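# Survey of secondary and tertiary structure
Here is how the chains run, residue by residue.
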Amino acid sequence: MHACSQAIWKVMLALVFLACLAYPVGGAATWQALGPYGGSIGAVAIDPNHPDTVYAAATSVGLFRSIDGGATWARTGLTLDSLPGAIVVDPKDSARVYVATSGGFYASADGAASWAPSNNGLRTAYATALVIDPADSETLYLGGWGGIAKTADRGATWADVSKGLPEEVFVTGLVIEPLQSSILYAATQQGVWRSTDAAASWTPSSLGLPELTIRALAIDRLNRRILYAATDTQGVWRTEDGGEHWQLAWSDPNAMPFRLAADPRISGCVVATTQGGDVYRTFDRGATWTEWGEGLPESEAPYSLAIRPDTGEVYLGLFARGVFRRAPGDAQWEEANAGLTGYVVSDLLVDAAGTRVYAGVSTYGPSIFQSGDRGTTWRLTRRGMYYPPVHVLLRDALDPQVLLSGNSGSVFRSADGGETWAPSDEGLPRGRLTIYALQGDPADARAVYAGTSEGVWLSRDGGATWGGQELPDQTVRCLAWVEAPTLRLLAGTDAGGIRVSLNRGETWGVLGTGFPSGVPVRDVASAAGSLFAACGSSGLYRSSDSGKSWQPASVAAPAPGVYSLLAMPQGSYSLVAGTDAGVFGLARDSGAWGSLAPGIPAGSRIDTLAYGAAHGILYAGGLGGTFALTLP
């Protein structure tokens, strides 16, 4: 075949492949995962039996797995609403995976496909450390607030094994001696402690070590008497006699080491990360250290650290930017986040042209991602924003380049399409409020309403200054204007029910009856002659009499939780609903609910919806990133 013909044929195949992604066999549309990729990674771990298998736990999202050394990732069956502390893979059976979190202990016996909480007898809270006995893999130790727990039956039952530890101890790390597993070491906020009887008792192991919080421990697997301890303010310390005596190995007053890992292939090789986002490496037991952070994002603290036992490749789980990896001979770190949908997307904005998409992220660290190609690629834009978790975005009614962002702590404003941000919160108690909703006024382009953790606040100058607080005793999650029978502003609250204002927020009353006490309202929309209220795990409520009375409704059976609503200006659906079981639409002609399309993974709660009318693309965001569907 002629070279030109070959090139054309390859292009045609690529186009067919892309078309199949959007419209698979049978012609049915499907949701496409768009990212942004990454997340706040609280723990990473490598399968010791199959080192190409890597696990990463994204805070408030779930556990991800890569089977190609971090080149691509996929969700496992574990969804997390807590902070991950550690992951362990059974060295004798890779199908058994364990995760310790601030919400408890989870176990899988089928390679992370399904999970079960296993907390019987577990009193230790906020787990941050987990190790498995290399000689008996049914035995695990878990550390956190309150001490250390031990299980001899893979987590089915737990017993406290904190005898000898200080009261109200916080265990930040655990190390088990690889060839003599009755010896364990615990890092705490009161130094290092050692057990020589499989955690039946503990004694101090801190001779020469300052009485400081120990952030992490690492053991030299080729010389098991050597351990390293990272302190919160005085560098890295080393013991060469199994914890009997300690000496300073590295001190940098500006570093504050945070995580440690010893290369299992090379004695004396240790990698250390700092709270400021730097990485260092030593080959001589800490006598000298070399900075090793080339290619990492600035000021992104690595939360977790793991080293491959076969190649020495290092994996970092960053506080806000996902997973990065680096082999020993690489010139710099490389991002390894393809498919890792570890962010919780709280709000989406689409510009009038339908090309630029903004995604506000409410998980730790990041703020706002923007895409100039309908979500194909993303870049982080948060310069000037110092309260990062974003809950809501609003475009200025007069200038499309002006954006407002409601964060955990303040309101921020951008005058350049989201590139740079500055606080826009004069009159607000900065740092105290969480901004959940921002809403303009259809009759006043300069008026902006903010639904917050302390009621509704009003700005008369486009969000520059604020005042006029109402509903101070309410947490307001959403704000919406409805026109029937008259123009009204509705506020959905955490306490249950909907508040209504007929005079643009000056005074408020209760809208109708029918909401059970305490049912929170996450979103409100008007469509098909009715009002709808998304009430999270309590489902959907509907009013056919302008809000005077409300009744439970459902988009499917069994009824899923409903978290977001969007009235559609055109097309086959008058309303779409984001749930924890996908996106559903209310048919404009029949008034019946139906699933829009497959493709959103289980556990991907949809918190926000946006429609790009210019291209007919519906965007859905939530737990697990952003998804897009081209509507007919």
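Since we're looking at a predicted model, the values are computed, not measured.

Below, the discussion takes up the packing of aromatic side chains. Counted under the stated rule, the structure contains 15 aromatic pairs. Through successive ring pairs, a cluster of aromatic residues spans Y98, F105 and W158. Taking NZ or CZ as reference, R605 lies 5.7 Å from the ring centre of Y563, over its face.

Bringing the confidence of the model for the chain into the picture now. Confidence in the prediction of the chain, expressed as mean pLDDT, is 91, and 95% of residues score 70 or more. Low confidence marks residues 1–28, where pLDDT is under 50. Its contacts with residues over four positions away, or in another chain, come to 11 contacts.

A cis amide bond links G35 with the next residue in sequence, P36, at an omega value of 0 degrees. Counting through the fold element by element, P36 comes out in the loop between β1 (32–35) and β2 (38–39). For the bond running from A557 to P558, omega is -5 degrees, close enough to zero to count as cis. Within the secondary structure, P558 sits in the loop between β51 (551–553) and β52 (562–567).

Within the secondary structure layout, S543 lies in strand β50 (residues 540–543). Engagement of the side chain of S543 in a polar contact is seen with the backbone oxygen of S549, the distance being 2.8 Å. Apart from the residues lying within four places of it in its own chain, the contact partners of S543 are S530, L531, K548, S549 and W550.

Turning our eyes to something else, we now look at the sheet that holds strand β43 (residues 467–470). Ordered in space as β40-β41-β42-β43, the 4 strands form an open sheet in which the pairing is antiparallel. Strands at the two margins of the open sheet, each flanked by one partner only, are β40 (435–441) and β43. Each strand axis lies, on average, 20 degrees off the axis of its neighbour in the sheet, ignoring direction. As paired strands, β40 and strand β41 (residues 444–452) are joined by 6 bridges and run antiparallel to one another.

Reading the values: rules and limits
Residues numbered from 1 in each chain as written. Predicted model: local features only at pLDDT ≥ 70, side-chain atom pairs only at ≥ 80, totals over all residues. Heavy atoms only, no water. Phe/Tyr/Trp six-rings, centres within 6.5 Å; stacked < 30°, edge-to-face > 60°. Lys NZ or Arg CZ within 6 Å of the ring centre and 35° of its normal. pLDDT = per-residue confidence, 0-100. Contact = heavy atoms within 4.5 Å. Helix = DSSP H or I, 4+ residues; strand = E, 2+ residues; numbered from the N terminus. Polar contact = N/O pair within 3.5 Å; in protein donor to acceptor, adjacent residues only side chain to side chain. Pairing = 2+ DSSP bridges. Axes fitted to C-alpha atoms, helices over the stretch in contact; angles between N-to-C directions.

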